[in-house]
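Coordinates in review
The residues making up each chain are set out below.
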Amino acid sequence: MIFTADQSGERLDAFLARVGQNMSRSGAQKLIAEGNVLLNGKKAKKNDRLEPQDRVDVTIPEPVSVDIVAKEMPLEIVYEDDDVLVINKPKGLVVHPAAGHQDDTLVNGLMYAMGDNLSGINGELRPGIVHRIDKDTSGLLAVAKNDYAHTVLASQLKDHSMARTYQAIVCGSFREDSGTVDAPIGRSPSDRKKMCVTERNSRSAVTHWEVIKRYRGYTHIQCKLETGRTHQIRVHMAHIGHPILGDTVYGHKKKELGQESQCLHAGALCFRHPRDGRPVMVFAPLPDYFKEVIEKLERMENG
C-alpha cells in the first residue's frame, strides 16, 4: 500500500492509523518496528514526522499460521444474521487467545460454533472480532461473519457511530446527575500493563456518564462511550475519583461487597447494519453478579 502525506509534522504511526483501513496506532507501530514501512524509500521509525507529499510504502506481511483449538462452550447469541452476530459475554471469559489463555477464550468457542464463517481481517488469532471487552467485563460484543461486514463495522467504531452503553457501580456519590469525562488515555509510564490519563503518547478519550441511582457510599451509573480506548471507563472513573466497584487495578485494592473484579456490564449495542444501513439495537439484561450487588446496596440503604 502506498500513501502520500497531507499534513506537516504528523507522526508516522498516527498518520497510518488515520488513513489505513482497519489499522490501529499500535498496529502501525508494529509494522514500522518490523521494517514493513518505508518513508521516501528508507526504513521508517515510529516517531518520524511527515511533510506534505512524503511517500509512505506499507507492506502487510503474510499471516503466520496459528492453530486455534475449536472448543465447545455455551455462547449466548442475542442477535444473528448472515453478516453479524452479537454475543453476550459472561464475566471471566477472555475474548481472544493470549499468554495463559490458548484454548479457553471466546474465539475458541466461536471457532467451534461458526467454523470458517468468520471474518479474517483481524488475523488468525482474532477471527470475527470487531471490538473487545475486558475479561472481567460482561456484556455485548459484535462479531463479523465476513470481511465486508467487518470493514463496515470497524468504520462505525472509528467514526463513533456505533453506540455502546455500559452500566457500572462506582464508589462514592456524584453531586451532579450527569457529566462527561474528556481526558486522553495512554500507557502508564510507571506500569506498562496499565492505562492512565496522560498527555504523553495518548489518544483522545470521551466518556459520558449519567446517574441511575445513588446508594450509601456507591452509585449506579450508565456510561456511553464516544471513543473506545483500552480500559476507558475504568480509567476515567478512577480519574474523577469514582473507581468502579471491585476494580482492584484502578480502584480500591481490597474486596468490597464481595466483588474481586470490576462491576461493569456492556448492556446496549447499537449499529447500522453493514448491508442495508438499518439500525440494529441489541440489549443484554444485568447479569446475576450485578443484580446481587444492587440487592446488597438496597439492603444497606433500607437497613
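In this report, we go over the structure that sits alongside the text. Predicted, not measured: the structure shown is a model, and the values here were computed from it.

Right, let's talk about the pattern of salt bridges for a bit. A complete count under the given rule lists 15 salt bridges for this structure. We note a salt bridge from lysine 213 to glutamate 298, for which the minimum N-O separation is 2.9 Å. Of the two residues, lysine 213 sits in strand β13 (residues 206-215) while glutamate 298 sits in helix α6 (residues 288-302), which places them 85 residues apart along the sequence. Residue classification places glutamate 298 among the partly exposed residues on the basis of a relative accessible area of 24%. Put simply, aspartate 276 and arginine 278 hold a salt bridge, and the shortest N to O gap is 3.2 Å. Among the charged side chains, a salt-bridge network with shared partners connects Asp6, Glu10 and Arg18.

Each turn of an α-helix holds 3.6 residues, which means side chains three or four residues apart point in the same direction. Of the residues making up helix α2 (residues 25-33), those classed as buried are Arg25, Ala28, Leu31 and Ile32. Relative to the axis of α2, the buried residues are bounded by an arc of 120° and lie together on one face. Pointing more than 90 degrees away from the buried face of α2 are the exposed residues Ser26, Lys30 and Ala33. For α2, the secondary structure elements touched by its buried residues are α1 (12-19), β2 (37-39), β4 (55-58) and β12 (202-203). Two residues or fewer after α2 comes glycine 35, characterised by a positive phi angle close to 80°.

Further remarks concern the sheet that holds strand β10 (residues 185-187). In space, the three strands of this open sheet follow the order β11-β10-β12, with antiparallel pairing throughout. A strand with exactly one partner marks an edge of an open sheet, and here the two such strands are β11 (195-197) and β12. Note that β10 and β11 share three bridges and pair antiparallel. Directly across from arginine 187, in β11, lies its bridge partner methionine 195.

What counts, and where the lines are drawn
Residues numbered from 1 in each chain as written. Predicted model: local features only at pLDDT ≥ 70, side-chain atom pairs only at ≥ 80, totals over all residues. Heavy atoms only, no water. Salt bridge = Lys/Arg side-chain N within 4 Å of Asp/Glu carboxyl O. Helix = DSSP H or I, 4+ residues; strand = E, 2+ residues; numbered from the N terminus. Buried < 20%, exposed > 50% of the residue type's maximum accessible area, 1.4 Å probe, protein only. Arc of directions from axis to C-beta. Contact = heavy atoms within 4.5 Å. Pairing = 2+ DSSP bridges.

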